[in-house]
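Each chain, letter by letter, is given below.
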Amino acid sequence: MAVSGFEGFEKRLELRFTSTTNTDSFGLRLISISELESILERVQCTIVSAVGNPWFDSYVLSESSLFIYPDQVIIKTCGTTRLLRSVRPLLTLASKLGLVPHSCRYTRGTFIFPKSQPFPHTSFDDEVRFLNECLPSSLCHRKSCVMASKWHVYSASSNSESSNNMLFTMEVCMTHLDRVVAEKFFRNSVEVAQPINELYGQEMTRSTGIGKINPGWLVCDYGFDPCGYSMNGLGESLYSTVHVTPEEGHSYASFECAGWTDEMDGICETLMRVACVFRPGSMSVSVVHNGGGGGSWRGNVSDALVTVGLGRREWETEMMPGIGTINFMVFEERWQ
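Residues numbered from 1 in each chain as written. Predicted model: local features only at pLDDT ≥ 70, side-chain atom pairs only at ≥ 80, totals over all residues. Heavy atoms only, no water.

On to the UniProt feature "binding site: substrate" (unreviewed entry) in the chain. In this numbering, the UniProt entry assigns the feature "binding site: substrate" (unreviewed entry) to Phe6, Glu63, Phe224 and Glu247. Residue position: Phe6 is located in the segment before β1 (11-19). A relative accessible area of 18% means that Phe6 is categorised as buried. For Glu247, the position within the fold is in the loop between β12 (238-245) and β13 (252-260). (UniProt positions renumbered as here; feature names shortened; annotations may be inferred. Helix = DSSP H or I, 4+ residues; strand = E, 2+ residues; numbered from the N terminus. Buried < 20%, exposed > 50% of the residue type's maximum accessible area, 1.4 Å probe, protein only.)

With respect to the element layout, Glu127 can be found in helix α3 (residues 124-134). On the basis of relative accessibility, which here comes to 0%, the residue Glu127 falls in the buried class. With sequence-adjacent residues up to four places away left out, Glu127 is seen in contact with Leu84, Tyr106, Arg108, Phe111, Pro120 and His121. (Contact = heavy atoms within 4.5 Å.)

All of the buried residues in α3 are Phe124, Asp126, Glu127, Val128, Phe130, Leu131 and Cys134. Along its buried surface, α3 packs onto α2 (87-96), β6 (99-108), β7 (141-147) and β8 (151-157).

A few words on unusual backbone geometry. In this model, Phe119 is joined to Pro120 through a cis peptide bond whose omega is 10 degrees. With respect to the helices and strands, the residue Pro120 is situated in the loop between β6 and α3. Phi at Ser64 is positive, roughly 90 degrees, even though this residue is not glycine. One non-glycine residue, His176, lies in positive phi territory at about 55 degrees. Here His176 lies in the loop between β9 (168-175) and α4 (179-183). Take His176: its relative accessible area is 44%, and that puts it in the partly exposed class.

On to the sheet that holds strand β2 (residues 47-52). A sheet is described by the order of its strands in space; here 8 strands give the open sequence β2-β3-β4-β5-β1-β6-β8-β7, paired in antiparallel fashion. The strands lining the two open edges of the sheet, one partner per strand, are β2 and β7. Neighbouring strand axes in the sheet, compared pairwise and without regard to direction, differ in orientation by 10 degrees on average. In this sheet, β6 lies alongside β1 in antiparallel orientation, the contact comprising 9 bridges. Its bridge partner lying in β6, Ser19 is registered against Leu99. Contacting β2, β3 (57-61), β4 (64-68) and β5 (72-77), helix α1 (residues 33-43) crosses the sheet at an angle of about 40 degrees to β3. (Pairing = 2+ DSSP bridges. Axes fitted to C-alpha atoms, helices over the stretch in contact; angles between N-to-C directions.)

Given below as structure tokens:
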């Protein structure tokens, strides 16, 4: 817990692997719960709920989320967790399963309470040095940058080029949430039949409209005491996740969706739904894709969000080795 309040901005780590044996299609999904709990203990968080489907396993954590596919793991944690402490043990477990690392991506926003962060999250320079020490030399194509003085990105890959498959990952960070919306994530504002965290989460999903962002998806949600909310959504091979810290003065919400092969219209529609649910005063959007530069994205995304009361303030694009193109946008405007 930060001295001034809870740190909502997450740290996100993605590790991708390739198989040296091709003998087991479950790959990383063979990691046991006890092994996962041991890693999360180092990070300083726990599993509070879990669900899986034929494509991947999803875990809601006490601080955010964990997703495990046969060939990749995505873990994001908030607060004062030590996320990067998970890198070495994850690499060790993957090696035992005949998997070798193919790429690593680490992203985060600018912390609200940076002085409360423990090593190696004491600065972005410390995080980059720590990752460079943890990762094998085979991930030789490395780059780090801070986009628009807000979005911190690190990538390391065994290849300089990304794959030819057009895949999208979208990360959205929102602050200054609408007060009426934020109040719905306090347990004293939610009525349920029994005081069970999952039931509080289900009611928060329903009353806020979060369930309509990706309609038809399997949802695993959790309402924290006395406030706060986490949700993982499963849509076949795609996942989404939402996390909310509703306290006034440092209210924060995040949305993430990965695995899309959708066109820009689908991404814009999803962004509009997210903005309408949370009605933030500030909204930053990072879209990663491996199919070229920004193109018409600036106009498409801006036109979509201006219809729901947000105007673009910043835009920046970076090419990351082995990852693709990152388009980072900042929108700000108070709702009327």
